[in-house]
Amino acid sequence: VKINKMIDKALLNYGEVCIFMSSSIFDHENFAYDLGINEEEIYSLRVPNIFDLTNNPIKLFDEFDMSGDPIESGMAKKSLRTIKQILKEHANEKGVIHTTNHDTAKFIKDNIDNYRLITHTQYNREQILEDFKKNKNPLVLVSPSMNEGVDLPGDLCRFQIIFKLPYLPFEDPWINKRKKVYEDGKNWYRYKMITKLIQGYGR
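As the structure is a prediction and not an experimental result, all values here were calculated from the model. (Residues numbered from 1 in each chain as written. Predicted model: local features only at pLDDT ≥ 70, side-chain atom pairs only at ≥ 80, totals over all residues. Heavy atoms only, no water.)

Describing the overall build of the chain
Counted only if it meets this: Helix numbering and strand numbering both begin at the N terminus, where a helix is a DSSP run of H or I of at least 4 residues and a strand a DSSP run of E of at least 2. For every residue, the accessible area obtained with a 1.4 Å probe (protein chains only) is divided by the maximum for its type, and the residue is called buried under 20%, exposed over 50%, and partly exposed between those limits. Note on contacts: a residue pair is in contact if any heavy atoms of the two residues lie within 4.5 Å. Throughout, the Shrake-Rupley method with a 1.4 Å probe supplies accessible areas, and for residues the shown protein chains are the sole cover considered. Charge counting treats Lys and Arg as positive and Asp and Glu as negative, with His and both chain ends excluded. Working definition for charges: the position is that of NZ of Lys, CZ of Arg, CG of Asp or CD of Glu.
The number of helices and strands found in the chain is 8 helices and 4 strands. Along the chain, helices (α) and strands (β) appear in the sequence α-α-α-α-β-α-β-α-β-β-α-α when read from the amino end. Taken along its principal axes, the extent of the C-alpha atoms in the chain is 55 × 35 × 35 Å. Burial statistics for the chain: of 203 residues in total, 34% are counted as buried. For the chain, the proportion of contacts with a sequence separation of at least 24, taken over those separated by at least 6, is 64%. As presented, the chain carries roughly 14,300 Å² of accessible surface, and 52% of it is formed by carbon and sulfur atoms. Mean positive and mean negative side-chain charge positions of the chain (29 and 29 charges, respectively) differ by 6 Å.

Laid out in structure tokens, this is it:
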């Protein structure tokens, strides 16, 4: 459930000082708790943001409450019109639509008749990603697994749609065990969502 039992042997014993660098460590106390590090042995250093945020505006569409409803009949279906409008506004640019799972990715692709939309399965992700990068057309990659570990600089990705807040699947037994480890499991659950959200935005 946690890695604190192995962190010394696997990492901390290799040096007198460890520096953890990331743009998604928002709460160093929780970070230390996760790793089993004494709070008195860790401190946080936050550096200024070097990016001009006016070049990367975020536009919110908060009229779509997607919690609970079946994707085929709920708010997700009503949001398709907004997605089409965004695609039209970025007609000549490549982009990414981040979804929370493969079913949602398939739903978007099947219900928006647009040649630009491409998606992948769990088996051909890397191949589709490479095809997306090399293709000169303004394709839009619809995917549940492009929110981290993927670099799409410049014209490879000029806009993104984050289709839904990326909460972890609440029915997952591992996630439920993790929530119970914390005094405030709901806070940890939100923290993980925010981390994933910012990682996706960073593409």
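What to know about the pairing of strand 1 (residues 95-98)
For the record, the criterion: By this definition, two strands are paired if DSSP reports at least two bridges between them.
Residues Gly-95 and Ile-97 line one face of strand 1 and the alternating positions Val-96 and His-98 line the opposite face, and both faces are buried. Where strand 1 lies against strand 3 (residues 140-143), 4 bridges are found, and the strand directions are parallel. Within strand 3, the position partnered with Ile-97 by the bridge is Val-142. By the bridge criterion, 4 bridges tie strand 1 to strand 4 (residues 159-162) in an arrangement that is parallel. Residue pairing for strand 4: His-98 is matched across the bridge by Ile-162.

As for the side chain of His-98
Its place among the elements puts His-98 in strand 1. With residues up to four places along the chain from it excluded, the contact list for His-98 reads Ser-143, Met-146, Asn-147, Gln-160, Ile-161, Ile-162, Phe-163, Lys-164, Gly-200 and Arg-203.

A short note on the layout of surface pockets
Rules: Points on a 1 Å grid over protein atoms alone make up a cavity when a 1.4 Å probe fits among them but cannot get out, and a pocket when they form an open set with protein on both sides within 12 Å along at least five of seven lines; lining residues each have an atom within 4 Å of a point. Grid points are joined across faces, edges and corners, and a volume is the space filled by probe spheres set on the points. Any residue outside Ala, Val, Leu, Ile, Met, Phe, Trp, Tyr, Cys, Pro, Asp, Glu, Lys and Arg is labelled polar, Gly included; the first ten of those are nonpolar and the last four are charged.
Considering only enclosed or pocket space, the second largest pocket measures out at about 350 Å³ in volume. If you trace the second largest pocket, you find 19 residues lining it, with Phe-31, Asp-34, Leu-35, Tyr-191 and Lys-192 closest to the centre. Of all elements in the fold, only helix 2 (28-35), helix 7 (173-181) and helix 8 (185-201) reach the threshold of two or more residues within the lining of the second largest pocket. The residue inventory of the lining of the second largest pocket, partitioned by class, reads 11 nonpolar, 4 polar and 4 charged.

Thoughts on the pattern of salt bridges
Put simply, the rule reads: Just to be clear on terms, a salt bridge is a Lys or Arg side-chain nitrogen sitting within 4 Å of an Asp or Glu carboxyl oxygen.
Inspection of every chain in the model, using the stated rule, returns 4 salt bridges. In this structure, Asp-110 and Lys-106 form a salt bridge, with 2.7 Å as the shortest nitrogen-oxygen distance. Of this pair, Asp-110 and Lys-106 both sit in helix 5 (residues 102-111), 4 residues apart, which is roughly one turn of that helix. Given the relative accessible area of 52%, Lys-106 is considered exposed. Of the charged contacts, one joins Glu-130 and Lys-133 as a salt bridge, the two residues approaching to 3.8 Å between their closest N and O atoms.

A word on a nonpolar patch on the surface
Test applied: Patch membership requires over 30% relative accessible area and the absence of a salt bridge. Like charges are linked within 9 Å, and nonpolar side chains (Val, Leu, Ile, Met, Phe, Trp, Tyr) within 5 Å.
On the surface, a cluster of nonpolar side chains totalling about 810 Å² of accessible area is made up of Ile-50, Phe-51, Leu-53, Ile-58, Leu-60, Ile-162 and Tyr-201. As for its position among the elements, Ile-162 is in strand 4.

Points about the confidence of the model for the chain
Spelled out, the test is: Scored between 0 and 100, pLDDT is the confidence that the predictor attaches to each residue.
The share of residues in the chain with pLDDT of 70 or more is 97%, and the mean pLDDT across the chain is 87. Mean pLDDT across the elements of the chain ranges from a minimum in helix 3 (residues 75-78), with 79, to a maximum in strand 3, with 97.

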